[in-house]
Amino acid sequence: MNEIAINDSVSSFIEWDSLLEKEVTFTGMVQNCRVSSWGGFLILRLPNYIVQCVMDRNSLNIKPEDIPVEGCVKVTGTVKASSIKDKAIHPNNCEIHVKNIEVLSSPSLEQLPVDTTKKELNVNIHTNFDKRPLTLRHPKEQAIFRISSVIFNEFGNFLTDNGFTRICSPKIVKTGAEGGANIFKLDYFGREAYLGQSPQFYKQMMVGVFGRVFEEAPVFRAEKHDTSRHLNEYISLDIEMMLENGFMDLIQIETRLLKHIFEKLKEKCSNEIALLGIEIPTVDKIVTVEFDEVHEIVFKETGKDYRGEKDLAPEEETLIGEYAKKNWNTELVFVTHYPTVKRPFYTMDDSTKEGRTLSYDLLFRGMEITTGGQRLNVYEDYLEKMKAFGLTTELFEGYLQVFQYGMPPHGGFGLGLERLTSLLCGLSNVKEASLFPRDINRLEP
Ligand code: AMO
């Protein structure tokens, strides 16, 4: 038996300022090795940092030429104050003057298929995705996924602090929650099952237990078209809660949540924001506009007449995004009261507006990032609505039982992590905000 004291030797939080003029030893991956006649710069990828090491050929145990890019090295040297301009490097106020480098491992390929040492990755999207384990190592790619990671964490932090309980619902399900044909079928021991399109039914059931719940997990959509807005697997950030003042509660909490996330991004991702040259918006008000008003505004502004349409065209979302920025000074617009026929059966109608629901989409920079709304909470209302929608109740018995047990007025929303990340990072395709995107043509890596 060995009894070992717990220590923080594998802690990766480094207090650089306290290490000035001290000798340190780090293990990291070689992001870049810029060799010159006097030695050169070794750029090392550590957990959370991309640090600059200065190599003096005369005092180094190894020739800088022999250090492989994407090798793993153990470096010993002294931390010195510095002022580094390269935005990919952080910390930028110190560097390591190296005296010893041990190469622990090297890539087995003589030549890597993509050069990740350049300022820009400069590869097409197919190469980017084909060589993903390598291309993700580029500082700008890393920055996208650090931003995504902070969004994910802060979503959970904010909700936990506001009385929400995290849930993990099944992804193998008996029936789809969102309707439509974009559902993956699978063989479940000889029975038909599906991959979950949304945690919708489960998050509603759990409101009956906890009052406020959230989930951050993959969902699956069999999108048949290759578009820049759709993935076949994405991370859905979901909440569901009891409503005290009606569906405006959802708009209030989502706004506070986004304000929190954006503020945390500014605080925790200043390096990534600077490297990508992006702007994180300030949220200081809520702007809502009704679905029918959007058609009217688009018609008035452009002469394009979508007024009979039961949904917003992507073009309308873009136009209203531009209009909102110019006229209402906001990049976030809540479009409310979508038509009943375009919303899933669980959506509550607005009793004061014929054919319109208590639901919304949140548009950010002209693209939908969220769908939300109040749900039916009375069993008989479900039966009636499902009948009107031509749905049989048998498939949904596991879900519908909760409304026989009593459910409070409630609602929630689903926010697409990749949509939000890609819009914040100025990416032209949502797939670029997915580590290993799944689309109609892609199943690996
Ligand atoms: P909806 O189907 O509108 O609503 O999805 C919610 C949000 O998820 C994102 N999204 C996608 N992102 C990438 N690829 C896709 N194929 C894709 N489809 C949707 C969008 C969208 O706004 N159950 C409801 C939510 C609710 O009412 O609580 C639902 O899933 O950002």
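Everything numeric in this text was worked out from a predicted model, so none of it was measured.

About the thresholds
Residues numbered from 1 in each chain as written. Predicted model: local features only at pLDDT ≥ 70, side-chain atom pairs only at ≥ 80, totals over all residues. Heavy atoms only, no water. Helix = DSSP H or I, 4+ residues; strand = E, 2+ residues; numbered from the N terminus. Buried < 20%, exposed > 50% of the residue type's maximum accessible area, 1.4 Å probe, protein only. Contact = heavy atoms within 4.5 Å. Areas by Shrake-Rupley, 256 points an atom, 1.4 Å probe, with all protein chains shown as cover. Lys, Arg positive; Asp, Glu negative; His and termini not counted. Charge placed at Lys NZ, Arg CZ, Asp CG, Glu CD. Near = heavy atom within 4 Å. Polar contact = N/O pair within 3.5 Å; in protein donor to acceptor, adjacent residues only side chain to side chain. Phe/Tyr/Trp six-rings, centres within 6.5 Å; stacked < 30°, edge-to-face > 60°. Lys NZ or Arg CZ within 6 Å of the ring centre and 35° of its normal. Pairing = 2+ DSSP bridges. Axes fitted to C-alpha atoms, helices over the stretch in contact; angles between N-to-C directions.

Asker: Where do I start with the overall build of the chain in this structure?
Answerer: Helices and strands together make up the secondary structure of the chain, namely eleven helices and 16 strands. For the chain, the spread of C-alpha atoms along the three principal axes comes to 80 × 65 × 40 Å. A total of 445 residues make up the chain; the buried ones form 50% of that total. The contacts of the chain with a sequence gap of at least 6 include a subset with a gap of at least 24, amounting to 66%. If you sum the accessible surface of the chain, you get close to 22200 Å²; carbon and sulfur atoms cover 50% of it. Computing the positive centroid from 51 side-chain charges and the negative centroid from 65, the chain places the two 3 Å apart.

Asker: Is there a simple way to think about the site of the ligand in this case?
Answerer: Contacts to the ligand come from 22 residues, most closely from Q200, K203, E368, T371 and R375. Here a nitrogen atom of the ligand and a side-chain polar atom of E178 are 2.8 Å apart. Separating an oxygen atom of the ligand from a side-chain N or O atom of R221 is a distance of 2.8 Å. Calculation on the ligand without its partners gives an accessible area of 620 Å², and the protein chains cover 94% of this total. Sorting the residues of the shell around the ligand by element identifies α4 (200–210), β15 (367–374) and β16 (410–416) as the ones contributing at least two each.

Asker: I tried to follow the packing of aromatic side chains on my own but got confused; where do I start?
Answerer: Two numbers describe a pair of aromatic rings. These are the distance of the centres and the angle of the planes. Counted by the stated rule, this structure contains 20 aromatic pairs. With a centroid separation of 5.3 Å and 70° between ring planes, the pair formed by F345 and F396 is classed as edge-to-face. With F345 in the loop between β13 (332–336) and β14 (359–364) and F396 in the loop between α9 (379–388) and α10 (397–404), the pair connects residues that are 51 residues apart, well separated along the chain. Residue classification places F396 among the buried residues on the basis of a relative accessible area of 6%. Every member of this aromatic cluster is reached through a ring pair, and the members are F201, F345, Y346, Y382, F396, Y399 and F403. Of note, R307 hangs over the ring of F299, and the distance from its end group to the ring centre comes to 3.7 Å. Between R343 and the ring centre of Y338, over which it is positioned, the NZ or CZ distance is 4.1 Å.

Asker: Looking at this structure, how should I read the sheet that holds strand β4 (residues 72–81)?
Answerer: Within a sheet, adjacent strands bond to each other through the backbone by hydrogen bonds, running parallel or antiparallel. Read around the closed barrel, the five strands follow the order β1-β2-β3-β5-β4; overall the barrel is mixed. Between one strand axis and the next, the sheet turns through 55° on average, direction left out of account. In the sheet, strand β3 (residues 49–56) pairs with strand β5 (residues 94–105) via three bridges, with the strands oriented parallel. Along β5, the bridge assignment pairs C53 with I96. Lying on the sheet, helix α3 (residues 139–161) is in contact with β1 (23–36), β2 (39–46) and β3; it crosses β3 at an angle near 150°.

Asker: Is there a simple way to explain the sheet that holds strand β12 (residues 288–290) in this structure?
Answerer: The eight strands lie next to each other as β6-β10-β11-β16-β15-β14-β13-β12, forming an open sheet whose pairing is mixed. At either end of the open sheet lies a strand with only one pairing partner, and these are β6 (165–166) and β12. Summarising the sheet, strand β11 (residues 233–242) and β16 pair through seven bridges and their orientation is antiparallel. Note on β16: the bridge partner recorded for M242 is H410. Together, β6, β10 (212–220), β11 and β16 form the strand contacts of α3, whose direction differs from that of β10 by roughly 155°. Of the strands in this sheet, β10, β11, β12, β13, β14, β15 and β16 are in contact with helix α5 (residues 248–268), which crosses β16 at around 35°.

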